[in-house]
Amino acid sequence: MSSRRSNRRWGEKIERERGFKITSQQKTQPSLSKKKKTQPPPGRAYVHFNQDGVSNPKDAVTVSEAVGFGMLAAVLAGPKYDFDAFLKMYESFANARSGMMGWEIVERGGVLKFNDDLNANGNDSATDGDMDAAVALILAGERFNDPTYTAKGRAVGVRLQQWTLNPESGLPNLGDWVARSPGIAQDRGFGPKFFYYVSRPSDFSQAAMFSILEKGGAGDPLKWKRAREQGLTALETLLNEAPLPPDFAIWDPTAKRIVRPQSGVTLLEKYTDSDFSWNACRVPWRLAARLVEDPSDSRARALAQKLATFYQSRSKLNAGYRLPTLEPLVDFEAVAFSAPAWALLKALNDPKASQYEADVRRLRSYGGLAKSYYGDSTLLLAGLQLTKPFWRK
């Protein structure tokens, strides 16, 4: 479980899959790898996060997060056939447990399959990918005037509520696998229900997504409303204790509040799980999306302005910070951090946004880690969500 995200982000040198048709520049950019590129099967599309084999396992090709990104990008700016191809990929790898997509797909012997390596659990779901997929389907029903997409989006929303919304906290948990977390938690020295209470600020900051699912009839609207309000409350709590949110947070069922994990302890991915790192860097982007989706949300705006205070004070944005001290975790920058900062400041009409826009342009000219699947996807989606009229519908 610990390899889920840390292995594919730290030290990566990843280019985007040529099959991600919304960006055509990739065809003119030389790959760092000489190995044969894995192509999407006929009729299916995915975003390749590991084209150069830097992440382990080397034959991993995509994850549900990347497919969710692709579905969102396709519905916001692509043709219908692109959206259908991403949707077909998502549905091809729906797992037997919850009907949501398994988190990691590998290519072995010319066949795409769940990663069934020991401890990989590739058929487990990851909440962020399914959330993006559900929202993309609801939006597709509107954009393409096709109720079939709406029905499918509602079905995914029902599954999300059943499998990933914690009924005690109202917050999304990490995926459908927490139902069998006792063994996983005990293996790590935690209590048997530990992962039942673990969440990610990058998931519960998705007020715009919760709102779209609520209005789109994707399950019980009151549960999505509660998720939105509880998510904002959790962010308020965390940002009252540190200037930035952590990668992971834990619901305290006794105190009935969210808490930051103990510093330096690996919960799921690595020792920076309690710091502002490669999960939490998405929070500013998710808040920016809410300000576009509902400019009247005063709570989201106040949170965005609090984060903006941090970004306004920086001449250089490092790719991660220790909490609560704000000591840089690394000495380099990355688009995955600068692009969400740009989106947040842009949504607030803050002139400091121009600095981060320039940073993104500079970083993308370097290639390597600065220009990766993760950062480029975040940049693309943030730009689309800030500009596409039907996102505001």
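Cut-off values and rules
- Residues numbered from 1 in each chain as written.
- Predicted model: local features only at pLDDT ≥ 70, side-chain atom pairs only at ≥ 80, totals over all residues.
- Heavy atoms only, no water.
- Salt bridge = Lys/Arg side-chain N within 4 Å of Asp/Glu carboxyl O.
- Buried < 20%, exposed > 50% of the residue type's maximum accessible area, 1.4 Å probe, protein only.
- Phe/Tyr/Trp six-rings, centres within 6.5 Å; stacked < 30°, edge-to-face > 60°.
- Helix = DSSP H or I, 4+ residues; strand = E, 2+ residues; numbered from the N terminus.
- Expected span 1.5 Å × (residues − 1).
- Contact = heavy atoms within 4.5 Å.
- Polar contact = N/O pair within 3.5 Å; in protein donor to acceptor, adjacent residues only side chain to side chain.

Some words on the pattern of salt bridges
Tallying each qualifying case throughout the model produces 27 salt bridges. Between Asp297 and Arg290 there is a salt bridge, with its nearest N and O atoms 2.6 Å apart. By the burial criterion, Asp297 is buried, and Arg290 matches it. Each of the salt bridges in this network shares a partner with another, and the network as a whole consists of Asp59, Arg108, Lys113, Asp116 and Asp117.

So, the packing of aromatic side chains
Remark: the centre distance and the inter-plane angle together describe each pair of aromatic rings, the angle taken between the planes. Scanning the model with the defined rule gives 17 aromatic pairs in all. Here the aromatic rings of Phe310 and Tyr321 are separated by 5.4 Å at their centres, their planes lie at 85 degrees, and the arrangement is edge-to-face. One end of the pair, Phe310, is in helix H11 (residues 298-312); the other, Tyr321, is in the loop between H11 and helix H12 (335-347), and eleven residues separate them in sequence. Residue class for Phe310 comes out buried when judged on its relative accessible area of 5%. Owing to a relative accessible area of 0%, Tyr321 belongs among the buried residues under this scheme.

Overview of helix H5 (residues 147-164)
Note that an α-helix has 3.6 residues per turn; residues three or four places apart therefore point the same way. Between the first and last C-alpha of H5 there are 25 Å, a value that for 18 residues agrees with the 26 Å anticipated at 1.5 Å per step. The secondary structure elements touched by the buried residues of H5 are helix H3 (80-92), helix H4 (127-143) and helix H9 (221-241). Sitting at the head of H5, Asp146 places a side-chain oxygen 2.9 Å from the backbone nitrogen of Thr148.

Geometric descriptors of this kind do not, in isolation, establish any biological role.
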